[in-house]
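Results of the structural survey
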Amino acid sequence: PIIKRRLYANYKLAYEKIKIYDLEWDASDYVKSQEGETTTISFTPSLVWNSLNHPFDPSKGNKSSVFVKLAGTVLGGDNDFIKTGIESAQYFPLFWSFVGMVHGEMGYLTKVGDKSLPIDERYRLGGMYSVRGYKYGDISPKDASGYAYGGDKYLLFNAELTFDISKENKFKGVFFFDAGQVYDENEGYLSRNFRKSIGYGFRWFSPIGPLRIEYGHKLDKEPGESSGRWDFSIGGLF
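In what follows, the accompanying structure is described. Predicted, not measured: the structure shown is a model, and the values here were computed from it.

This next bit is on the sheet that holds strand 9 (residues 209-218). Within the open sheet, the ten strands sit side by side as 1-2-3-4-5-6-7-8-9-10. Their pairing is antiparallel. One side of each edge strand has no neighbouring strand; the edge strands of this open sheet are strand 1 (7-20) and strand 10 (228-234). Adjacent strand axes in the sheet meet at a mean angle of 15°, parallel and antiparallel pairs treated alike. One ladder, built from 13 bridges, connects strand 4 (residues 81-93) with strand 5 (residues 99-111); its direction is antiparallel. Residue pairing in the sheet places glutamine 90 in a bridge with valine 102 of strand 5.

See the structure below:
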């Protein structure tokens, strides 16, 4: 802790071995170029500000974080890159039992030297914890054959309205709006339109953690895509 119960500094040293194998014949050329085994050694310092009034079911306060992941160079390993990210979520009480929440985050990944960015570090969006209504990885740059191989930068925005259905049983409803996009190395932020969704769902704060079931409807469905999807999870919120 830096400021008691508010500002924390965290440090992480990681050693990872990544093996890419058994590729399908139509896999992306980007993935094929990284077939085999590599090692990533990284150091990640971060700062976290937390003024939420509840760890799992907040009604007011802010939680924000910033991190820098430094991989390779003097640490060794096969992969050399710098990954940065910033995230913030603000909760505020409204009328009756309604609680509003706005959340935003962005990330940037850059290589050090001439090596390609590791495929497992590249950004992809979609799913319960980013843009609901899309599967994880659906929002991503694609190669000529349509394979989503991830980008080196992204933006994400979420807004939610939660309310009590049964307060004594900790059962809630939620309405939400999500928007996000992932950009490739030759693109800038905001160079393409956000993919967007709206939806609703239910949350139960059970003894084993928050249970969520939520349906996201795509606002900008492209030809051949489904109109939306249900997602289920057991775990934390934004």
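And the narrative resumes.
We now examine a negative patch on the surface. A grouping of Asp22, Glu24, Asp26 and Glu35 is seen on the molecular surface, where their side chains present a negatively charged patch. In this structure, aspartate 22 sits in the loop between strand 1 and helix 1 (29-32).

Our focus in this paragraph is the packing of aromatic side chains. Throughout the structure, instances matching the rule amount to 13 aromatic pairs. With a centroid separation of 5.2 Å and an interplanar angle of 85°, the aromatic rings of phenylalanine 95 and tryptophan 96 are classed as edge-to-face. A centroid spacing of 5.6 Å and a plane angle of 25° characterise the contact between phenylalanine 163 and phenylalanine 175, whose relative ring orientation is stacked. Remark: phenylalanine 175 occurs in strand 7 (residues 171-183) and phenylalanine 163 occurs in strand 6 (residues 153-166); sequence separation between them is twelve residues. Accessibility expressed as a relative area gives 46% for phenylalanine 175, which makes it partly exposed. Over the ring of tyrosine 21 we find lysine 19; its NZ or CZ atom is 5.4 Å from the centre of that ring.

Let us look at the pairing of strand 4. A regular strand places its side chains on the two faces of the sheet in alternate fashion. The pairing of strand 3 (residues 61-71) with strand 4 spans eleven bridges and is classified as antiparallel. Considered in strand 4, the bridge of valine 66 is made with isoleucine 86. If you look at the hairpin formed by strand 4 and strand 5, you'll find five residues sitting between the two strands, and tryptophan 96 has a positive phi there, around 50°.

Let us look at a nonpolar patch on the surface. A surface patch of nonpolar side chains, about 870 Å² in accessible area, is lined by Ile2, Ile3, Leu47, Trp49, Val66, Ile86, Met106, Tyr108, Tyr189 and Leu190. Elements supplying a minimum of two residues to the nonpolar patch: strand 2 (36-50) and strand 5. By the element assignment, tyrosine 108 lies in strand 5. Assessed through its relative accessible area of 34%, tyrosine 108 is described here as partly exposed.

Reading the values: the criteria
Residues numbered from 1 in each chain as written. Predicted model: local features only at pLDDT ≥ 70, side-chain atom pairs only at ≥ 80, totals over all residues. Heavy atoms only, no water. Pairing = 2+ DSSP bridges. Helix = DSSP H or I, 4+ residues; strand = E, 2+ residues; numbered from the N terminus. Axes fitted to C-alpha atoms, helices over the stretch in contact; angles between N-to-C directions. Patch = residues over 30% accessible without salt bridge, like charges linked within 9 Å, V, L, I, M, F, W, Y side chains within 5 Å. Areas by Shrake-Rupley, 256 points an atom, 1.4 Å probe, with all protein chains shown as cover. Salt bridge = Lys/Arg side-chain N within 4 Å of Asp/Glu carboxyl O. Lys, Arg positive; Asp, Glu negative; His and termini not counted. Charge placed at Lys NZ, Arg CZ, Asp CG, Glu CD. Phe/Tyr/Trp six-rings, centres within 6.5 Å; stacked < 30°, edge-to-face > 60°. Buried < 20%, exposed > 50% of the residue type's maximum accessible area, 1.4 Å probe, protein only. Lys NZ or Arg CZ within 6 Å of the ring centre and 35° of its normal.

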